[in-house]
Amino acid sequence: MSSGSLSAASQRLIWTSGLLGAVLFTASWVLVPPQSIEWGPLLVFATMFVLSEWLTIPIGERGVQVSVSLPVVAAVAVLYGPAVAGLMDVCGTVVAGASRTLRSRSRRRRWMWLLFNCSQAAMCACAAGLAAYSIRSMLSDGLALVIAALVATLVYIVLNSLIVASMEAALSGSTVTAKLDEKRRVIGYQYLLYALLAILVMHLAATERVWVSALFLLPMWAAWQCFQLRALYERDYRETIRALGLMIQRAHPYTGGHLDRVALRAARTAERLGLPPTDVDLMQDAALLHDVGKIAVDEAILNFPGPLNEEQWRVVRKHTEVGAEILGRIQLLEPIVPWIRAHHERPDGKGYPNGLSDAEIPVQAKIIAVVDAYDAMVGGDRPGEQRPYRKPVSPEEALEELRRCAGTQFDARVVEEFAATLREEGVA
């Protein structure tokens, strides 16, 4: 795992994991000391592990990466015990990660992440090895190795997911539960694939055909290629979002900081409301693009220094439909189109463009409406971010106005969850 930023919380987690990794590795060596080791097969395993570590897969935008080396670690944990598995996992991580660290411009930060990767490798491999040793101690029949491999893989994946989710939560300000929820489906598929490969590798090693197990790198390489294509797809999606956001900001410079703040707070509010992780991510994109339709509105109207007449309001109100039409032509953005169209609808049915009633309005659109209205009232601190037609108010005054209009213009529950988000930020 690697990341582009180091918060105080993430640094504490790195040092804590380093200490726990050292303790667990030492305990494994004392409790289950390595017995006779066949160095030939172990060398093959080590080579396979290092090659697998280089086939890292980028996950998301924060630089987080995972490797496909777990089946090798699980097989070694079953056959040679927790200490050997932990040592191989740590050494392989060092070999694979050191070259990236030396090439990095920010070497101190990279060394910190190398420490974290080694720590989690030690913890996960040793825990998996201890679990496998317990199974082999209790069972003596032919299924012992298979069950031990299944358990070792499960322990490794669960512990690794928990550690990585904790770090992602520290980096993003989210919760560990939310990050684990994002991984839930992937973890299931990952376990099935890795467990089967671990059993295959272990079986070949046990029957003295360990050299054949090196062929498992072929499906791993294919999986790596698929993940690379997925990462490219996600990168293109993010670039599309950024390009559209830049287009809005160039057309109306005051929206720059406004859109960023609305996107961040809308996603946090969605998370507090218990929306699925996919919707929370899309919430941020929708909030960034909710005003894209304003590029079709004359700047003279948008920047008019006084109350608008009915004809001017008619033009402004079209921006929700125009925005939905623009985004509706981009297949990747289809899920957020209804939210964009409805973000000026009201629970009392007096909104636009369709006069929807409370139950007909997507909750995501309600979130955008609340957060957008708050930021429009408060404004930003940078020059040019205040609206030309309205004096900014304090956060307390803006929140009071939202509560006054709760149940009519805004959804009452969304207002309260947004208020809780502001309290967490120490704003109001």
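The structure displayed is predicted, hence computed values, not measured ones.

A.B. asks: Go over the overall build of the chain, please, and point to the residues and values.
C.D. replies: The helix and strand tally for the chain stands at 17 helices and two strands. Expressed as a percentage of its 428 residues, the buried residues of the chain come to 46%. Sequence-distant contacts in the chain: of pairs separated by 6 or more residues, those separated by 24 or more amount to 71%. Looking at the chain as shown, the accessible area adds up to about 21,000 Å², and 60% of this sits on carbon and sulfur atoms.

A.B. asks: So what's going on with a nonpolar patch on the surface? Which residues, and what values?
C.D. replies: On the surface, Met138, Leu139, Leu143 and Ile147 cluster together into a nonpolar patch covering about 370 Å² of accessible area. For leucine 143, the location among the structural elements is in the loop between α5 (107-138) and α6 (144-172). With relative accessibility at 52%, the residue leucine 143 sits in the exposed group.

A.B. asks: Describe the packing of aromatic side chains, with residues and values.
C.D. replies: A complete count under the given rule lists two aromatic pairs for this structure. When the ring of phenylalanine 25 is compared with that of tryptophan 29, the centres are 5.8 Å apart and the planes differ by 50 degrees; the resulting orientation is tilted. Here phenylalanine 25 pairs with tryptophan 29, and both are found in helix α1 (residues 8-31), just four residues apart, close to one helical turn. For the ring pair tyrosine 374 and phenylalanine 418, a centre distance of 5.1 Å and an interplane angle of 70 degrees mean the geometry is edge-to-face. Linking tyrosine 374 in helix α15 (residues 363-378) with phenylalanine 418 in helix α17 (residues 412-425), this pair joins segments that are 44 residues apart in sequence. Judged by its relative accessible area of 2%, tyrosine 374 is buried.

A.B. asks: Provide a residue-level description of the pattern of salt bridges, including the pertinent values.
C.D. replies: Two side chains of opposite charge can pair, provided their charged atoms sit close to one another. Across all of its chains, the model carries 15 salt bridges by this definition. Measuring nitrogen to oxygen at the nearest pair gives 3.0 Å for the salt bridge that ties arginine 272 to glutamate 417. Placement of arginine 272 in helix α9 (residues 255-272) and of glutamate 417 in helix α17 is noted, with a sequence separation of 145 residues between them. Ionic pairing is found between aspartate 411 and lysine 366, a salt bridge with its closest N-O pair at 3.2 Å. One end of the pair, aspartate 411, is in the loop between α16 (395-404) and α17; the other, lysine 366, is in helix α15, and 45 residues separate them in sequence. Neither residue differs from the other here; aspartate 411 and lysine 366 are each classed as buried. Three or more residues are tied together by salt bridges with common partners; here these are Arg261, Arg265, Arg268, Asp375 and Glu425.

A.B. asks: For the environment of valine 427, give the residues involved together with the corresponding values.
C.D. replies: With respect to the helices, strands and loops of the structure, valine 427 is situated in the segment after α17. As a C-alpha pair, valine 427 and glutamate 396 span 31 residues in sequence and 8.6 Å in three-dimensional space. When sequence neighbours within four positions are dropped, the list of residues in contact with valine 427 reads Arg265, Tyr374, Pro395, Glu396 and Leu422.

A.B. asks: So what about unusual backbone geometry? Which residues, and what values?
C.D. replies: Backbone torsion omega between tyrosine 352 and proline 353 reads 15 degrees, so that peptide bond is classified as cis. By the secondary structure assignment, proline 353 is in the loop between α14 (337-341) and α15.

Cut-offs and rules
Residues numbered from 1 in each chain as written. Predicted model: local features only at pLDDT ≥ 70, side-chain atom pairs only at ≥ 80, totals over all residues. Heavy atoms only, no water. Helix = DSSP H or I, 4+ residues; strand = E, 2+ residues; numbered from the N terminus. Buried < 20%, exposed > 50% of the residue type's maximum accessible area, 1.4 Å probe, protein only. Contact = heavy atoms within 4.5 Å. Areas by Shrake-Rupley, 256 points an atom, 1.4 Å probe, with all protein chains shown as cover. Patch = residues over 30% accessible without salt bridge, like charges linked within 9 Å, V, L, I, M, F, W, Y side chains within 5 Å. Salt bridge = Lys/Arg side-chain N within 4 Å of Asp/Glu carboxyl O. Phe/Tyr/Trp six-rings, centres within 6.5 Å; stacked < 30°, edge-to-face > 60°.

The analysis is restricted to geometry; functional conclusions fall outside its scope.
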